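Structural features, examined
Listed below are the residues making up each chain.
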Amino acid sequence: MSFITRGFTGRGRERDDRLPPGQTLARDFPVLSAGPTPEVDTDEWEFTIRTESGVEHRWDWQALLDAGVEDVETDIHCVTHWSKLGTSWRGVPLDALFEEVETDAGYVMAHSYGGYTTNLPLEEVLDGQAWIAIDYDGEPLDPEHGGPARLLVPKLYFWKSAKWVRGLVLMEDDQPGFWEQYGYHNHGDPWREERYW
Ligand SMILES: Nc1nc2c(c(=O)[nH]1)N[C@H]1C(S)=C(S)[C@@H](COP(=O)(O)O)O[C@H]1N2
Ligand SMILES: [Mo]
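Residues numbered from 1 in each chain as written. Chains lettered and ligands numbered in written order. Predicted model: local features only at pLDDT ≥ 70, side-chain atom pairs only at ≥ 80, totals over all residues. Heavy atoms only, no water.

What to know about the pattern of salt bridges
- A full pass over the atoms with the stated rule returns nine salt bridges.
- Of the charged contacts, one joins R18 and D16 as a salt bridge, the two residues approaching to 3.1 Å between their closest N and O atoms.
- For R18, a relative accessible area of 40% puts it in the partly exposed group.
- Owing to a relative accessible area of 29%, D16 belongs among the partly exposed residues under this scheme.
- R58 is the salt-bridge partner of E56, the closest N and O atoms lying 2.6 Å from each other.
- Look at the salt bridges and you will find they share partners, linking E46, E56 and R58 into a network. (Salt bridge = Lys/Arg side-chain N within 4 Å of Asp/Glu carboxyl O. Buried < 20%, exposed > 50% of the residue type's maximum accessible area, 1.4 Å probe, protein only.)

In structure tokens:
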């Protein structure tokens, strides 16, 4: 476990226990995209999970909603040092989609419309730790924030929360995604400050 400083910072200001080391609170919701915002209509949207043996599981928009949408209140942390506490989302837990998936793989590569990728350990996106988010703050997710649907993995730095997500590929061996190839940490735990490597 990482060591979390409680109480007061050197400047004498009270520090929120929910704020990981090196983070400051953002009032607005910054947009960070490596490329242009892809236009994805829910009519044509689909999400695929491909297993290590090549089996494809597919959901269209209605099938995603039918899998069960829930409210999520969570803190988010960007590697560029901003955090937002208590943000409100609605989304489908990945657990609901993985109910029909058989796999022994240890890792997933998330793929986005537009080409972005990011890698994650499978066990860290199950058990209520990750969602396909479709609403933010009571509204359909803004395209610049990943609408119609993005991955939401709040326990890791926000670059792991792939915007415009279109699928997961299960991998037996871990491989770096887009930012991970450019020196971002392979794992990205904000409480351990796993920023770069
Ligand atoms: N498809 C895609 N997803 C992405 C990114 C991106 O460039 N493309 N940027 C990542 C990074 S670095 C961050 S910090 C968050 C930013 O999400 P936001 O723009 O909603 O704040 O999205 C992540 N997901
Ligand atoms: Mo980021």
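Read on, since the account is not over.
What to know about the UniProt feature "domain: Oxidoreductase molybdopterin-binding" (unreviewed entry) in the protein chain
- Here, UniProt's "domain: Oxidoreductase molybdopterin-binding" (unreviewed entry) annotation points to residues 35–179.
- Taken as a whole, residues 35–179 contains 9% helix and 41% strand, while its terminal C-alpha atoms sit 13 Å from one another. (UniProt positions renumbered as here; feature names shortened; annotations may be inferred. Helix = DSSP H or I, 4+ residues; strand = E, 2+ residues; numbered from the N terminus.)

Examining the site of ligand 1
- Around ligand 1, the surrounding shell holds 19 residues, and the nearest of these are P30, A34, H145, R150 and K163.
- Contact distances for ligand 1 include 2.9 Å between an oxygen atom and a backbone N or O atom of L32.
- Contact between ligand 1 and K163: an oxygen atom at 2.6 Å from a side-chain N or O atom of the residue.
- Out of a free accessible area of 530 Å², ligand 1 has 97% covered by protein chains.
- Residue classes in the shell around ligand 1 are distributed as 13 nonpolar, four polar and two charged. (Near = heavy atom within 4 Å. Polar contact = N/O pair within 3.5 Å; in protein donor to acceptor, adjacent residues only side chain to side chain. Areas by Shrake-Rupley, 256 points an atom, 1.4 Å probe, with all protein chains shown as cover. Nonpolar A, V, L, I, M, F, W, Y, C, P; charged D, E, K, R; others polar.)

Some thoughts on the pairing of strand 3 (residues 56–60)
- In strand 3, alternate side chains face the same way, and those of H57 and W59 are buried while those of E56, R58 and D60 on the opposite face are not.
- Sheet analysis places strand 2 (residues 46–50) next to strand 3, joined by five bridges and oriented antiparallel. Across the sheet, residue E46 finds its bridge partner in strand 3, namely D60.
- Here strand 2 folds back onto strand 3, and the loop between the two strands holds five residues, one of which, G54, carries a positive phi near 90°. (Pairing = 2+ DSSP bridges.)

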